[in-house]
Every structure is written in structure tokens, then in C-alpha cells.
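This is what each chain is made of:
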Amino acid sequence: MTASTTPRIALVTGGSRGLGRSTALALAAQGSDVILTYQSSEAEAHAVVRQVEALGRRAVALQLDVGDSKRFAAFAEAVKKVLASTWQRERFDHLVNNAGIGLNAPIAETTEEQFDLLSNIHLKGTFFLTQKLLPLIADGGRIVNISTGLARFTFPGYAAYAAMKGGVEVLTRYMAKELGPRGISVNTLAPGAIETDFRGGQVRDDKQVNAHIAGVTALGRVGLPDDIGGAVAALLADGSRWITGQRIEVSGGMML
Ligand code: NAP
């Protein structure tokens, strides 16, 4: 365990926007330093770094394509370097595998290219990025893999996307088993529909879709990014240390 005077360091993939951004800020508010990644939104990522710094914590933004596993070893080297240069440390504490895209296509029309893209980003990316980062995660650390409510309930057009996230949920249990001896807990956090840029911002901007989701949600509205950032931070807080191998849905009670 890290001494209480030493801040935790969390690595959040896809921290430039949406749920990853909210997670980075919630973790910083909880006293954690942050390494966040972006794929193309460099300016947004640096804005998040400044917001973390305004909360009194340190942050670094690194570029990463979670769909390009060949570059993960180089990314791990970059993480190692910033840990040494910014924190004088060899390890970080918390990994949040969040970065991802959505794609809606009926099974009959899904192309192999679409399937491979989703697989590379969500399933292969989570598997091999975690593998490459394992030597840099402190014993007693935590991993949160972001899934989706769509792995439990169904909406037409999400078969390939949800199948990858279902794979992530199984992978989570195996990670929890294999990393348990190092004291590392691993959980899935599965958001319901949240108002972000995801899938072109449809859940946020399409009034009909938004109203439909609110109507099938026990708490009566669509989720907001901070509903998820706060939940990830809670799962990474000290009081949650005995939770591992679990799927926790954070959806306001969607499709109960
Ligand atoms: P978002 O607002 O579109 O943000 C996506 C984030 O992921 C951005 O930071 C983006 O980086 C990054 N990203 C996308 N593709 C990437 C790639 N190939 N390599 C590295 N980074 C990449 O989406 P979000 O709603 O926050 O979604 C975050 C996660 O939550 C995803 O895994 C998604 O499947 C899951 N989720 C979302 C919802 C929802 O309703 N929003 C519901 C359930 C689950 P750049 O900005 O630099 O491009």
C-alpha cells in the first residue's frame, strides 16, 4: 500500500473528453495525481491537465491509440519516463481502461472492418494495454475496466460493440483472479447511456432518444458524465478495496 502521504497516481485512457475527463477530475478531487491519454484531442487533454492542476494535483497527458497494440510497448516506456521525471516513482496505482468508440450497425450489415475496429479498441486494446502496463502497476493497485449496460440489456445495432464489452467483463474476472496474488483488484464499471460525444453525441443531442432512455431509467433521466466519474472515483477510494472481480452497473437503473 502506498503511504497515506504519497498521492495515488491514476492512469485514465481517453481522459480528454466525456467519461474519462470526468473520471480524471473526480480522481484529482479525491487527492489522486493523473496520467491521462488522448488519441486526437490534444488541446482538450491539456485543458484537463490544467483543471487537475487547479485542483492542486499533478497531471500529464500522453498520446495513445488503444486500437494499435503494436505501440503499447512504446507507450509503457513513455509512462515509465513520466513516472520518473514527474513523480520520481517507478509505478502508478490505478488504471482505468476507458477509451473507446461506439458504433451502431445491425448484425446483417456489420462489416468485418467495423468488427475488427471495435475488437481492437475495446477487447484487444484492454487486454494488451493492461498486459504491457502490469509491470508499472503497484502491488495493491486497482484496475477498472469500462463496459456498458448494453452487455446486460439489448438495443438493436449494438451486437458487435456489446460483444466486445461482454468480453471485457469476462476478462475482468480473469484479471481479478490472476492479479489477486499481487493485491491488485479489478472490476468492471458498466455505465448506462450517458450524455457525451459518444456516437456523435446522440444520447445528448437527439431529444427523442434522450426522452426514451429517461423513460426506461428508474431515476428518470439520462446519465451525465459526472455520474460516472464520481462512481469510478468511489470504486478506487480506500473504502472499496475489498471489491474485486465484480461488474458494477452505473445507469440510474436503466432497463431494470
Ligand atoms: P467520448 O465522449 O466520445 O470520449 C471518448 C474518449 O476516448 C476520448 O477521450 C477519445 O480520445 C478516446 N478515444 C476514442 N478512441 C480512441 C482510441 N482508438 N485510442 C485512444 N483513445 C480513444 O466517449 P465516452 O462516452 O466518454 O466513452 C468512454 C467509454 O465509456 C467508452 O469505452 C465507451 O464505450 C463507454 N461507454 C459510454 C457510454 C455513453 O453513453 N457515453 C455508455 C456506456 C459505456 P480523443 O478525444 O483524443 O479522440
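In case you missed it, the structure is sitting above this.
Residues numbered from 1 in each chain as written. Predicted model: local features only at pLDDT ≥ 70, side-chain atom pairs only at ≥ 80, totals over all residues. Heavy atoms only, no water.

What to know about the pattern of salt bridges
(1) Moving on: The full count for this structure, using the stated rule, is twelve salt bridges.
(2) Moving on: Notably, a salt bridge pairs R17 with D197, separated by 2.9 Å at the nearest N-O pair. Separated by 180 residues along the polypeptide, R17 in the loop between β1 (9–12) and α1 (18–29) and D197 in the loop between β6 (185–191) and α6 (198–205) bring together distant segments of the chain.
(3) Moving on: In this structure R17 comes out as partly exposed when scored by relative accessible area, which is 38%.
(4) Moving on: A relative accessible area of 35% means that D197 is categorised as partly exposed.
(5) Moving on: The residue R221 makes a salt bridge to D227 at a minimum N-O spacing of 2.8 Å.
(6) Moving on: Of the residues examined, R221 reaches a relative accessible area of 42% and is grouped as partly exposed.
(7) Moving on: Since its relative accessible area comes to 30%, D227 is described here as partly exposed.
(8) Moving on: Through salt bridges with shared partners, a single ionic network connects R17, D197, R204 and D205. (Salt bridge = Lys/Arg side-chain N within 4 Å of Asp/Glu carboxyl O. Helix = DSSP H or I, 4+ residues; strand = E, 2+ residues; numbered from the N terminus. Buried < 20%, exposed > 50% of the residue type's maximum accessible area, 1.4 Å probe, protein only.)

Considerations on the site of the ligand
(1) Moving on: Around the ligand sit 30 residues, and of these R17, S41, N98, Y161 and T196 come closest.
(2) Moving on: S16 is positioned such that a nitrogen or oxygen atom in its side chain is 2.7 Å from an oxygen atom of the ligand.
(3) Moving on: Within the side chain of D65, a nitrogen or oxygen atom sits 3.0 Å from a nitrogen atom of the ligand.
(4) Moving on: Protein chains bury 96% of the 890 Å² of accessible surface belonging to the ligand in isolation.
(5) Moving on: Elements with a minimum of two residues in the shell around the ligand: α1, α4 (112–133) and α5 (159–179).
(6) Moving on: Considering only residue class, the shell around the ligand consists of 13 nonpolar, 13 polar and four charged. (Near = heavy atom within 4 Å. Polar contact = N/O pair within 3.5 Å; in protein donor to acceptor, adjacent residues only side chain to side chain. Areas by Shrake-Rupley, 256 points an atom, 1.4 Å probe, with all protein chains shown as cover. Nonpolar A, V, L, I, M, F, W, Y, C, P; charged D, E, K, R; others polar.)

Comments concerning the packing of aromatic side chains
(1) Moving on: This structure, assessed with the given rule, holds four aromatic pairs.
(2) Moving on: Here the aromatic rings of F127 and F128 are separated by 4.8 Å at their centres, their planes lie at 50°, and the arrangement is tilted.
(3) Moving on: Assessed through its relative accessible area of 30%, F128 is described here as partly exposed.
(4) Moving on: Members of the aromatic cluster, joined through ring pairs, are Y158, Y161 and F198. (Phe/Tyr/Trp six-rings, centres within 6.5 Å; stacked < 30°, edge-to-face > 60°.)

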